[in-house]
Amino acid sequence: MNAPKNDPAVRAFRDTLGMFPTGVTVVTTRDGAGRPVGLTVSSFNSVSLVPQLVVWSLSSHLQLVPALENAPVYAINVLAEDQQELSNRFASRVEDRFAGVEFTDGEGGVPLLAGCCARFVCRPHARHPGGDHIVFIDEVIRFDRDADKKPLLFQGGAYQRLA
């Protein structure tokens, strides 16, 4: 049974899930026309060390779903604690989320955001329907990190920082 999003039980479930702190990522790729696209995703986690697999999910009603489902390569950019503005930008409905954003092209032209504490370049491994979301399992083909930076966190409906 699918309850509407304004159902009090749905809100209570979401608020309870929000007690678990998550890192904040921006998933980036290029659409079929070669334009950079991306969005903020907090549902990111590791799956396997061998092979190197990660998982993230995306609301199935979003406009970027076709570009992400058809992408041969993605970057998962783990935002640093000073990148809250970048998180908000990629979570917004701004038409050109990349305007003024510093990035370089990684493997397959995938946009790699500057200043992140970690980045994973991935190719699709598996996709699964998951209620109102699509679950993406990706194979990591390259990664890097800046061990001097702390990650941006989200918990209880607000950005948080590590102590």
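Here, the structure is the one placed above.
Thresholds, definitions, all that
- Residues numbered from 1 in each chain as written.
- Predicted model: local features only at pLDDT ≥ 70, side-chain atom pairs only at ≥ 80, totals over all residues.
- Heavy atoms only, no water.
- Helix = DSSP H or I, 4+ residues; strand = E, 2+ residues; numbered from the N terminus.
- Buried < 20%, exposed > 50% of the residue type's maximum accessible area, 1.4 Å probe, protein only.
- Contact = heavy atoms within 4.5 Å.
- Polar contact = N/O pair within 3.5 Å; in protein donor to acceptor, adjacent residues only side chain to side chain.
- Core = buried A, V, L, I, M, F, W, Y, C linked by side-chain atoms within 4.5 Å.
- Pairing = 2+ DSSP bridges.
- Axes fitted to C-alpha atoms, helices over the stretch in contact; angles between N-to-C directions.

**Student:** Help me get a handle on the environment of Gln160, residues and values and all.
**Tutor:** Turning to its location among the elements, Gln160 is positioned in strand E12 (residues 158-160). Take Gln160: its relative accessible area is 31%, and that puts it in the partly exposed class. Excluding its chain neighbours within four sequence positions, the residues that come into contact with Gln160 are Leu152, Leu153, Phe154 and Gln155. A polar atom in the side chain of Gln160 sits 3.3 Å from the backbone oxygen of Gln155.

**Student:** Can you lay out the nonpolar core for me, pointing to particular residues and giving the numbers?
**Tutor:** Counting residues in each nonpolar core, the largest one holds 18 residues, and the members touching the most others are Val27, Trp56, Leu58, Leu68, Tyr74 and Phe136. For this core, the secondary-structure elements that each account for two or more residues are strand E3 (36-41), strand E5 (53-59), helix H2 (65-69), strand E6 (74-78) and strand E10 (133-145). If we ignore the near neighbours within four places in the chain, the residues touching Leu58 are Leu39, Val65, Leu68, Asp132, His133, Ile134 and Phe136. Leu86, Phe90, Leu113 and Cys116 belong to the second-largest nonpolar core, a separate cluster that totals ten residues.

**Student:** Just give me the short version of the sheet that holds strand E4 (residues 44-48), but keep the residues and values in it.
**Tutor:** Taken together, the seven strands give an open sheet; going across it, the order is E3-E2-E6-E9-E10-E5-E4, and neighbouring strands pair in antiparallel fashion. Looking at strand neighbours, the two that pair on one side only are E3 and E4, the edges of this open sheet. The sheet shows a mean angle of 35° between the axes of neighbouring strands, direction not considered. Across five bridges, the pairing between E6 and strand E9 (residues 118-130) is antiparallel.

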